[in-house]
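# Coordinate inspection notes
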Amino acid sequence: MKLIANNKVVDSDYELAPNDEIRIRPLMEDINNQNIEFKYLITMNYPYRVTDYTRVMYDSKWLRHVIESNCGYGTKFFITNEKHTCSRNIFNELDDSIIDNQKYIDNFNKFTGKTISRYGSIHRHICIDTFGTSIREIDTALRKFCRRDYHFTHDGSGCDIRRVYNQEKLMSYMTKDIDRPNLPNLNIERDKVIDSVNSDIGKNHYSVRGLDASESVNQLKKTFEKLYKSDGTR
């Protein structure tokens, strides 16, 4: 799925594949049950290489606190962690050359001046349902209180904030790492793609429990089999 101009999440030609439908079904159920309407998508890149999911989820706890403090404590969140599959220089957005995937080090404090590939580094997608808050107000709060998390690119922006117009397509886009093929050295931890600690939906998603879609369906069938006796009574 593509994110394109005018602060919209739009792709008129995009259709959900069967695996997308299965993956987002539990999320859409949570959205409907909690009467959530996500209004903004925030995408944040670190200004250095980060591969530790636990560290990113810890940072997202502070991020959630900042947004709640500025947008209201009734704000609802859905946060996912995605790994970059592009091998460009993480420090220079204008550098279009592809970097050897091995030319990086994970510890930023030991950086020696070599180019660092963004391949395998984590960035975050944050969906929020809030009332009476503008994109400008969200951006101001993030710049003030989450400055360390900004990736200062050539245009001076460290995060991207867009209006949400289609929740189903967005849920598919945000969770695509769950079904992404096992690319070399990418090391996706699929049970941590959905940040179940800091999100209001997806806490019981099959991926969080370490299952794939087929295992989730089989587990659901077994649950119903236990609920009903062979004669059809409970």
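Residues numbered from 1 in each chain as written. Predicted model: local features only at pLDDT ≥ 70, side-chain atom pairs only at ≥ 80, totals over all residues. Heavy atoms only, no water.

## Describing the packing of aromatic side chains
Quick note on the threshold: In summary, the pairing rule links any two rings of Phe, Tyr or Trp, Trp by its six-membered ring, whose centres are within 6.5 Å, and it sorts them by plane angle into stacked for under 30 degrees, edge-to-face for over 60 and tilted for everything else. Any Lys NZ or Arg CZ found within 6 Å of a ring centre and within 35 degrees of that ring's normal is scored as a charge over the ring.
Under the criterion given, the structure shown has zero aromatic pairs. Taking the ring centre of Y165 as reference, the NZ or CZ of R163 above it sits at 5.9 Å. Across the ring face of Y173, the terminal group of K176 is positioned such that the distance to the ring centre comes to 3.7 Å.

## Side note on the confidence of the model for the protein chain
The following threshold applies: Residue-level confidence of the predictor is summarised by pLDDT, bounded by 0 at the bottom and 100 at the top. Strands here are runs of E lasting at least two residues and helices are runs of H or I lasting at least four, both read from the DSSP assignment and numbered beginning at the N terminus. Only heavy atoms enter the contact rule, under which two residues are in contact if any of them lie within 4.5 Å.
Averaged over all residues, the pLDDT of the protein chain is 80; the fraction at 70 or higher stands at 71%. Within the protein chain, strand β2 (residues 76-83) carries the highest mean pLDDT (97), whereas helix α5 (residues 213-227) carries the lowest (53). Across residues 105-111, confidence stays below pLDDT 50; counting only partners more than four residues off in sequence or on other chains, it has 11 contacts. Here residues 152-157 is modelled with pLDDT under 50, and outside its nearest four sequence neighbours on either side it reaches 11 contacts, counting other chains as well.

## Brief notes about the nonpolar core
General note: in soluble globular proteins, nonpolar side chains tend to be found buried as a group. Applied cut-off: To qualify as a nonpolar core, a set must consist of buried Ala, Val, Leu, Ile, Met, Phe, Trp, Tyr and Cys residues joined through side-chain atoms within 4.5 Å. Remark: exposure states derive from per-residue accessible area (1.4 Å probe, protein chains only) relative to the maximum for the residue type, with buried under 20%, exposed over 50%, and partly exposed in between.
In terms of nonpolar packing, the biggest core is built from 28 residues, with F38, F78, C127, L170, M171, M174 and I201 touching the most fellow members. Those elements that place two or more of their residues in this core are α1 (18-33), α2 (53-71), β3 (122-129) and α4 (167-174). Not counting residues within four places of it along the chain, the set of residues in contact with M171 comprises I24, L27, M28, I31, F38, F78, C127 and I201. Ranked by size, the runner-up nonpolar core spans 17 residues in total, among them I42, M44, V66 and I138.

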